[in-house]
Amino acid sequence: SLHDALPIYYGHHSKADLVKVLVTGGAGYIGTHTVVELLAAGYEPVIVDDFSNSSPEALRRVAHLTGVESPFYEADVRNRDVLERIFIEHNIHAVIHFAGLKSVGESVAEPLRYYSTNIDSTLVLLETMQKFGRSNLVFSSSATVYGNAGTPPFTEDLPRQSTNPYGWTKAMIEQILEDVVATGHGWSITALRYFNPVGAHPSGLIGEDPNNIPNNLMPYISQVAVGRRKQLAIFGGDYDTPDGTGVRDYIHVVDLAKAHVAALNHIEHPDVYKVYNIGTGIGVSVLEVVAAFEKASEQPVPYAIVDRRPGDIASCYASPDLARDELGWEAERSIDEACQDSWNWQSKNPNGFQD
Ligand code: UFG
């Protein structure tokens with residue numbers, strides 16, 4: 001029966017079980033860090049990635065770091081044939097679905113590509129899981145589903161909304177997942193709403209390696225500190241925040257990776273859809289991040305305060321209580337540690353995985 005195939009349902013899972021977990025987008029920034037933590041926790045990752053925003057070198061580094069070469073399929077998750085082959089070749093107990101496009105600006109320029117990539121891949125994945133009787137899923141959602149309404153700290157019960165196509169794909173996929181669980185056919189699905197992922201593995205072997213000019217603050221600052229870019233543009237100095245710059249909840253990627261392991265360990269009951277904020281609960285301003293990075297790197301980070309970036313909000317941070325109370329997970333690493341680890345990664349790999 002389905003339940004016999006899924007010992008994880010009944011809480012029989014222990015480190016010795018070697019439960020296979022399909023990781024879509026497993027070569028990416030959060031994916032690679034999660035694969036490392038899955039292996040440390042005794043899971044057996046099976047990876048699918050199309051390298052559209054990642055590189056084979058990232059997987060080689062993971063293998064080097066862990067001593068394990070995980071089964072890998074190079075494919076777009078919308079490729080149903082490959083997806084079915086994975087479920088035929090492996091006894092997949094659970095899926096962590098990272099694969100997707102994630103740039104807010106790009107999504108405004110190319111909404112169809114965003115809706116197709118993010119939503120179609122999730123539908124093909126769910127249909128394939130259904131076909132093979134697999135029902136445990138952890139999904140990469142985002143604090144972006146809080147949109148620009150409400151005031152932080154954000155709690156999970158707030159209504160989903162968004163301000164851009166990327167954010168809508170996350171909100172829509174959450175709705176789809178909720179509807180699928182509501183069928184009562186035994187699905188068990190958890191959506192993790194990430195706040196701002198930063199930092200790198202302390203080994204300096206893996207980290208964030210954006211394709212072009214970084215959109216996000218931490219990779220931009222790292223590239224300024226390492227001399228690849230001249231100065232940081234700070235988007236707005238007149239927000240209603242303590243120092244006028246935007247406030248965010250920066251979550252160390254290793255803590256974030258561990259949250260996925262906690263979510264998998266918690267999957268016990270069918271017909272449950274759960275959502276958890278994955279953040280620290282602490283708001284940090286752009287100027288505070290710059291200061292922390294300068295301290296960690298002992299490099300100057302020149303900046304200029306420019307106009308606000310359209311679509312940005314003043315302040316965004318999590319209420320992290322639900323994840324702590326139900327998953328037993330909480331962030332352990334500070335912004336200082338994230339800056340140290342980002343600098344370690346960036347200074348050892350000034351050109352990312354191309355070095
Ligand atoms: N910032 C700058 N200069 C830069 C980049 C960012 O000043 O060059 C500022 C932003 O204005 C913001 C803060 O740094 O105040 C963080 O910006 P990021 O772009 O790093 O992150 P965001 O909070 O804008 O975006 C993140 C995720 C998105 C998600 C969004 C909303 O990257 O995926 O949160 O939840 F949609």
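What counts and what doesn't
- Residues numbered from 1 in each chain as written.
- Predicted model: local features only at pLDDT ≥ 70, side-chain atom pairs only at ≥ 80, totals over all residues.
- Heavy atoms only, no water.
- Pairing = 2+ DSSP bridges.
- Helix = DSSP H or I, 4+ residues; strand = E, 2+ residues; numbered from the N terminus.
- Phe/Tyr/Trp six-rings, centres within 6.5 Å; stacked < 30°, edge-to-face > 60°.
- Lys NZ or Arg CZ within 6 Å of the ring centre and 35° of its normal.
- Axes fitted to C-alpha atoms, helices over the stretch in contact; angles between N-to-C directions.
- Parallel < 35°, antiparallel > 145°, perpendicular 65-115°, else oblique.
- Left-handed = near helix turned anticlockwise from the far one by under 90°.
- Contact = heavy atoms within 4.5 Å.
- Near = heavy atom within 4 Å.
- Polar contact = N/O pair within 3.5 Å; in protein donor to acceptor, adjacent residues only side chain to side chain.
- Areas by Shrake-Rupley, 256 points an atom, 1.4 Å probe, with all protein chains shown as cover.

Asks: Can you help me understand the sheet that holds strand 12 (residues 284–285) in this one?
Replies: The pairing of strands in a sheet happens through backbone hydrogen bonds and is either parallel or antiparallel. On the basis of which strands lie adjacent, the open sheet formed by 3 strands has the order 12-9-14 and mixed pairing. Two strands close off the open sheet at either side, each with one partner strand: strand 12 and strand 14 (315–316). Pairing of strand 9 (residues 247–248) with strand 12, which is carried by 2 bridges, proceeds in the antiparallel orientation. Pairing of R248 across the sheet is with V284, part of strand 12.

Asks: Would you mind showing me how to read the packing of aromatic side chains here?
Replies: How two aromatic rings sit relative to each other is set out by the distance from centre to centre and by the angle between their planes. Inspection of every chain in the model, using the stated rule, returns 6 aromatic pairs. Geometrically, the ring pair formed by W345 and F353 is tilted, given 4.9 Å between the ring centres and 55 degrees between the ring planes. Taken together, the ring pairs in this structure connect Y146, F154 and F195 into an aromatic cluster. Seen from the ring of Y239, R308 lies directly overhead, with NZ or CZ sitting 4.1 Å from the centre.

Asks: How should I be thinking about the packing of helix 8 (residues 217–225) against helix 12 (residues 335–348) in this particular structure?
Replies: The axes of two packed helices give the description: the angle between them and the distance between them. Orientation of helix 8 relative to helix 12, taken along the N-to-C sense of each, is 55 degrees, at an axis distance of 10 Å. Taken as axis vectors, helix 8 and helix 12 run oblique relative to one another. Handedness of the helix 8/helix 12 crossing: right-handed. Within the contact between the two elements, helix 8 uses M218, S222, Q223 and A225 and helix 12 uses I335, C339, S342, W343 and Q346.

Asks: Got a minute to help me understand the sheet that holds strand 5 (residues 136–142) in this structure?
Replies: A sheet is described by the order of its strands in space; here 7 strands give the open sequence 3-2-1-4-5-6-11, paired in parallel fashion. Two strands in the sheet have a free side with no partner beyond their single neighbour: strand 3 (72–74) and strand 11 (272–278). Ignoring which end each strand starts from, the neighbouring axes of this sheet average 15 degrees apart. Across 3 bridges, the pairing between strand 4 (residues 92–97) and strand 5 is parallel. Residue pairing for strand 5: V95 is matched across the bridge by L137.

Asks: What's the story with the site of the ligand in this structure? I'm lost.
Replies: In the neighbourhood of the ligand, 19 residues make up the surrounding shell, with L217, A233, R248, R309 and D312 lying closest. Within the side chain of N196, an N or O atom sits 2.9 Å from an oxygen atom of the ligand. Measuring from an oxygen atom of the ligand, one finds a side-chain N or O atom of N216 at 2.9 Å. Burial of the ligand by the protein chains amounts to 88% of its free accessible area of 680 Å². Ranked by residues supplied to the shell around the ligand, first place goes to strand 8 (residues 232–235) with 4 residues.

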